[in-house]
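# Structural characterization, general
For reference, the chains in residue letters:
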Amino acid sequence: MPQKLLIVFFLGVAGLFCYHYFAGYDSSINWNVTTTAETETFEHSTIVKGPFTFSLEGSKYALAESFTAGPITRDYQRDGAFLLLMFIGLAIFLTTATYLTRFWFILIMGAMIFFIISLQLPEIQLFGFSDTSSGAAIVTLLIILLPAYVFHAFATSSPYALRLLTILGAFASIALFSGVELITLQEQLISRSYFGWVILSLLFLITIAEDLIFGILYLITRSKGGQGNALHFSIFSLLYLTVWGLYYANKYGYLSIELTFFNPFAVFILSSIVALWALKHKAYLFQGLMPLRMVYAFFCSVGIMVMAFYGLAFFRGNDPVYEAFHYFILYTHIGFGVMFFIYILVNFITPLVQGLQVYKVAYRNQNFPYISARLAGLVAVAALFYLASREPWLLYQAGKFNYLGAQAQTMGNDLLAKEYFSQGAVYGQDNHFSNYQLGYQKLQENDFDQSNYRFGRATVRYPSPQAFINYSGTFAKLNEATPALVSLQDGLREFPNNSQLLNNLGLIYLDQGKLRQAETTLLQAESNNEWTQATQVNLWRVKPFDKEVTSFKESNLAVKANILAKALNTEDRISLPLDTSNLYPSYPLHRMAYLTNAAGYFGSEAIAGLLERELAGPIEESTYWTAKNAVALTYYQALDINQAIRSLHQLALEATGEQVANYYYQMGLIALDQNSPEMALSYLDASIEAGGDQALFAKLAAALEVSFEQGLEWANHLTSLDTSYLSVANSLAQLENRENLEQGKQLTRLYYFHEDYQLAELSALLSTADSSFAQNFWTKASHDLLTTGNFDRLTGLMSILKPKLPPQHTIKARLLLALQEQKPLPDHPASRLLAAKDANGLRNYLRKNPFDEPMVLHLSRELLRWDPSTAYDVLVEAIDINKRSVALHKQYILTALEVGLQSYASDALEKLETITTRNDYREFEQRYLTRKAEIDAESAW
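Everything numeric here is computed off the predicted structure, so don't read it as measured data. (Residues numbered from 1 in each chain as written. Predicted model: local features only at pLDDT ≥ 70, side-chain atom pairs only at ≥ 80, totals over all residues. Heavy atoms only, no water.)

Our focus in this paragraph is the overall build of the chain. A count of helices and strands for the chain gives 44 helices and 2 strands. With 941 residues in all, the chain has 53% of them scored as buried. Long-range pairs, those at least 24 residues apart, make up 66% of the contacts in the chain between residues at least 6 apart in sequence. Accessible surface computed for the chain: about 41,800 Å², of which carbon and sulfur atoms make up 55%. Counting 67 positive and 83 negative side-chain charges, the chain places the averaged centre of each group 12 Å from the other. (Helix = DSSP H or I, 4+ residues; strand = E, 2+ residues; numbered from the N terminus. Buried < 20%, exposed > 50% of the residue type's maximum accessible area, 1.4 Å probe, protein only. Contact = heavy atoms within 4.5 Å. Areas by Shrake-Rupley, 256 points an atom, 1.4 Å probe, with all protein chains shown as cover. Lys, Arg positive; Asp, Glu negative; His and termini not counted. Charge placed at Lys NZ, Arg CZ, Asp CG, Glu CD.)

What follows is the structure, given as structure tokens:
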């Protein structure tokens, strides 16, 4: 294999090692975003009737997104890629060994035999052999060792590439024709070859541990005649060794000093690269044993195996493995570094003082032999190892148990996996992998106490942000708010800018009402978060509403939902775009929250339709009620009163308890707002019957709209129930007499008794009224006058109030006046339909608000002239909702007569008798009989 290509391969694997080290646990534990929705009420509409103001409340969603950490995951393909790198390194090693002398070849093949036996291949019944047979191991040995022996003993002139490809082919044949699943073989090789790779890694460390000292020596003595080389070498070497000493002292608690700039794994990679470079300066050590190119091949192959092995440990998050290796990096660099430094000083102090190029002879035989320095370094490493009570070896054992546990999980044996992880937690006390696995198992079992304990242990030794997140989360599940907060703060001391920790901490501050701290923390989290908008979702829960929402269109649905939730609380609505382009695909809760909030904000029938589409699928119960109510209120906001009432009525029929009362209360307020007090009373009575106390006071406003006497009677009834209503009853009683009333009460009386006042009196009183009262008064008075057809008074009133009313407030009255007087129609949707004689269009328009008696009455009469059938349909639909409208029932009866449906007219006449006064009924009955007789007479001709 070309030496340069091999070195590039070695450096590539070193880069992979570094990448997965710095990736940390993110490569083995995925982050999950959990969205929760809180239902909050907001003032959807304000309904003003006389002196009474009512709030029609809607519901909106406020979303919060927190992070949780999932289980330790497996990516078998990437595991296989690391294993492949390890066995490629092994193939290069074995290929190079075929060039060695017989002694060294047999020694290496012997080690290979032990390695293959350690794989315990009978356990997986390789090649179909039983688990008690040695056949699997024997066949494997023959497949691997026989080609190596042939190349060594017989085909000695074979090129390197052929040898390497043959051994790689032998490995591939075992994988392809083993008779077991590839994942099963892969798991067996990872777990059972474990200590072979560990031993190899320790040998590799012994090889490279001193080379940074040699690198210092080279840099100082590479030029002849350097002044002060001995001093410079001593200073830089001692500084290097002192850093290692301080790191050791801090690690074992002798000193409390943080060396944030120093990383043993980075030093290991640097040592490996320097050692690779330094091989040419060690050629003397290998004379007579092998050529230098073979030394490069052996070094690179071992380095590839070692770095791939620990790269797999980083990728899998098996922290006892690389923590143990970290200890041996520490021990070997101190032990061998110190001894090599002493070796140089003892043997070369004079040449150093003389400025000679000492690096060229550093490995030549001297008075203090190099082998003695190596043995002394080995003794130092052993001393440090035993001084630590063999802790690194226990960690290596824990790492082996972790791999065995993961293998058992893959094989579906969770009980065995639990036992292995428990053993791993014993040998590698407080190691992350074992405790996290056990903690997550307990979390799945809803054993939050044990889960919390295990996640807590996982944060002690080699922690991850994920462990801190789940540690805090299990505290929350145990309803322990303070420890949940403290655990996140502890996590941020380990991982100061971790966005997931900051996000969850911000949410805890939000729950505690610490809005300033929540906003500050979430802003810090947002600056570090690149892959999710969760923090932006939460920020819109706490930060002040900014009317310049520039990010609305680019945000995901969850962020938009919270922006809309915030906007619904502001008095001054801003112009936000109604965007439905990214509804699909999206998370259902995000979509439902956005549509619900958008329904309240935009009041668009299109949004109502999208919500109803969502409601057709499976949905959580509480979400159903909230969304369905949002649909109803959206129809109301879009002035489709018919659909609003039907939707609320359906909800009332489906609901139970307080919900029933609330839905009828909303229907009552809508009917009251649409000037149908009789229907409002009907709905409010249903609400009261269902236990809705809030409807008691609303019924007073509705009763006063029907007649002042009925309202006063209900006010007195309320006083008998609760004396707090006494002041209201007394104030209303004062309105019966128009004398000696203060200005405010004069206007209130005017509202209820406007028929008693001449236009001049109206003008005088209304001149002092503000525009709000003027609009409120106009709504009631114009409705009454249009219903009774008193157009002269309506015209006079409109001229009085014109300065105080926006044009849109009088458009309906002007339309009906124009129809009455056969004048050009003002710009109104109904005007265009009338001009086009679009009967279906008019029917659809009038269907939307059956409570608008004047429009239904006058336009149905207009329709009757040129499309009687449609006029009849309009009235059928109107009285189906507005069941207590006397005027609409009378119009329906007369229209039924006109279209020849006398039996329907007769039935409706009976219904009319139940909803109007006796005198009114008798008067209309005579009118009905007269018209019926006329029609009968006409038909006789």
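In this structure, Asn 229 sits in helix H9 (residues 229–251). If sequence neighbours within four positions are ignored, Asn 229 has contacts with Ile 220, Thr 221, Leu 352, Gly 355 and Leu 356.

Mapped onto the elements of the fold, Phe 204 is located in helix H7 (residues 194–208). Residues Phe 204 and Thr 350, spaced 146 residues apart in sequence, show a C-alpha to C-alpha distance of 32 Å. If sequence neighbours within four positions are ignored, Phe 204 has contacts with Phe 10, Phe 268, Ser 272, Phe 299, Val 302, Gly 303 and Val 306.

Let us now look at helix H6 (residues 182–192). Extensive coverage of H6 is indicated by the burial of 9 of its 11 residues. Looking at the packing, one finds that the buried side of H6 touches helix H2 (76–97), helix H3 (102–118), helix H5 (160–176), H7, helix H11 (292–316) and helix H14 (391–410).

So, on to the pairing of strand E1 (residues 29–49). When E1 meets strand E2 (residues 52–72), the two strands line up antiparallel, connected through 19 bridges. Bridging from a neighbouring strand, Thr 41 pairs with Ser 59 of E2. As consecutive antiparallel partners, E1 and E2 are separated by 2 residues, and within that stretch Gly 50 has a phi angle of approximately 60°, a positive value. (Pairing = 2+ DSSP bridges.)

Take the pattern of salt bridges next. Counted under the stated rule, the structure contains 35 salt bridges. Note that Arg 74 is salt-bridged to Asp 79, the shortest N-O span being 2.7 Å. With relative accessibility at 21%, the residue Arg 74 sits in the partly exposed group. Note that Arg 931 is salt-bridged to Glu 898, the shortest N-O span being 2.7 Å. On the criterion of sequence distance, the pair formed by Arg 931 in helix H44 (residues 918–940) and Glu 898 in helix H42 (residues 886–898) is long-range, its members being 33 residues apart. (Salt bridge = Lys/Arg side-chain N within 4 Å of Asp/Glu carboxyl O.)

Following both chains from N to C, one finds helix H36 (residues 791–801) and helix H37 (residues 807–821) inclined at 140°, their axes separated by 11 Å at the closest point. Considering their axes alone, H36 and H37 lie oblique with respect to each other. Here H36 and H37 pass one another in a crossing that is left-handed. Of H37, the residues touching H36 (which contributes Phe 791, Leu 794, Thr 795 and Met 798) are Thr 810, Ala 813, Arg 814, Leu 816, Leu 817 and Gln 820. (Axes fitted to C-alpha atoms, helices over the stretch in contact; angles between N-to-C directions. Parallel < 35°, antiparallel > 145°, perpendicular 65-115°, else oblique. Left-handed = near helix turned anticlockwise from the far one by under 90°.)

A common measure of how large an interface is: the accessible area buried when the components associate. Here the chain is partitioned into domain 1 (76–180), domain 2 (191–388), domain 3 (741–823) and domain 4 (824–940). Placing a centre on the C-alpha atoms of domain 1 and another on those of domain 2 gives a separation of 31 Å. Taken together, the contact pairs 22 residues of domain 1 with 19 residues of domain 2. When the two sides are added together, the surface that domain 1 and domain 2 hide from each other amounts to roughly 1,900 Å², 79% of it contributed by carbon and sulfur. Interface area lost by domain 1 to domain 2 is led by Phe 82, Met 86 and Phe 93, which between them contribute 30%. At the junction of domain 1 and domain 2, the tally comes to 2 salt bridges. Between Glu 123 and Arg 192 there is a salt bridge whose closest N-O contact spans 3.2 Å. Connecting domain 1 to domain 2 are 2 residue pairs in polar contact (both at pLDDT 80 or more). When contributions to the side of domain 1 that touches domain 2 are tallied by element, the ones reaching two or more residues are H2 and H3. (Domains from an automatic or database assignment. Buried area = accessible area lost by both parts, 1.4 Å probe. Polar contact = N/O pair within 3.5 Å; in protein donor to acceptor, adjacent residues only side chain to side chain.)

Residue Pro 585 follows Tyr 584 across a cis peptide bond; omega there is -5°. Topologically, Pro 585 is positioned in the loop between helix H23 (557–567) and helix H24 (588–602). If you check the backbone angles, Asn 740 has positive phi at about 60° while not being a glycine. Here Asn 740 shows up in the loop between helix H32 (726–734) and helix H33 (743–752).

Once that is clear, we can look at the packing of aromatic side chains. Inspection of every chain in the model, using the stated rule, returns 70 aromatic pairs. On the basis of an interplanar angle of 70° and a centroid distance of 5.3 Å, the ring pair of Phe 115 and Trp 197 is categorised as edge-to-face. With Phe 115 in helix H3 and Trp 197 in helix H7, this pair connects stretches of sequence that are 82 residues apart. Across this residue pair, the class does not change: Phe 115 and Trp 197 are buried. Taking 6.1 Å as the distance between ring centres and 80° as the angle between the ring planes, the aromatic pair formed by Tyr 343 and Phe 348 counts as edge-to-face. Judged by relative accessible area, which is 0%, Tyr 343 ranks as buried. (Phe/Tyr/Trp six-rings, centres within 6.5 Å; stacked < 30°, edge-to-face > 60°.)

So, about the nonpolar core. Grouped together as the largest cluster of nonpolar side chains are 168 residues, with contacts concentrated most on Phe 268 and Tyr 331. The element that contributes the greatest number of residues to this core is H11, accounting for 19 residues. When residues of this core are assigned to domains, at least three map to each of domain 1 (76–180) and domain 2 (191–388). Filtering out sequence-adjacent residues up to four positions away, Tyr 331 remains in contact with Tyr 248, Tyr 252, Val 381, Leu 384, Phe 385, Ala 388 and Pro 392. (Core = buried A, V, L, I, M, F, W, Y, C linked by side-chain atoms within 4.5 Å.)

We now examine the side chain of Lys 442. Mapped onto the elements, Lys 442 comes out in helix H16 (residues 432–444). Among the residues examined, Lys 442 registers a relative accessible area of 18% and is labelled buried. Not counting residues within four places of it along the chain, the set of residues in contact with Lys 442 comprises Lys 418, Asp 447, Gln 450 and Ser 451.

Time to look at H16. The end-to-end C-alpha distance of H16, which contains 13 residues, comes to 18 Å, matching closely the 18 Å that a straight helix rising 1.5 Å per residue would cover. With 12 of its 13 residues buried, H16 lies for the most part within the structure. Capping the start of H16 is the job of one residue whose side-chain oxygen sits 3.2 Å from the backbone nitrogen of Phe 433: Asn 431. Two residues or fewer past H16, Asn 446 is found with a positive phi of approximately 60°. (Expected span 1.5 Å × (residues − 1).)

Before going further, it helps to spend a moment on the packing of H9 against helix H12 (residues 319–354). It is at 10 Å that the axes of H9 and H12 come closest, and there the two elements cross at 160°. With respect to H12, the axis of H9 lies roughly antiparallel. Where H9 crosses over H12, the handedness of that crossing is left-handed. The residue makeup of the contact of H9 with H12, split by class, is 20 nonpolar, 6 polar and 2 charged. (Nonpolar A, V, L, I, M, F, W, Y, C, P; charged D, E, K, R; others polar.)

As a further point, take the environment of Asp 579. Within the element layout of this structure, Asp 579 appears in the loop between H23 and H24. Given a relative accessible area of 11%, Asp 579 falls into the buried group. On a C-alpha basis, the gap between Asp 579 and Lys 553 in space is 7.4 Å, while along the polypeptide they are 26 residues apart.

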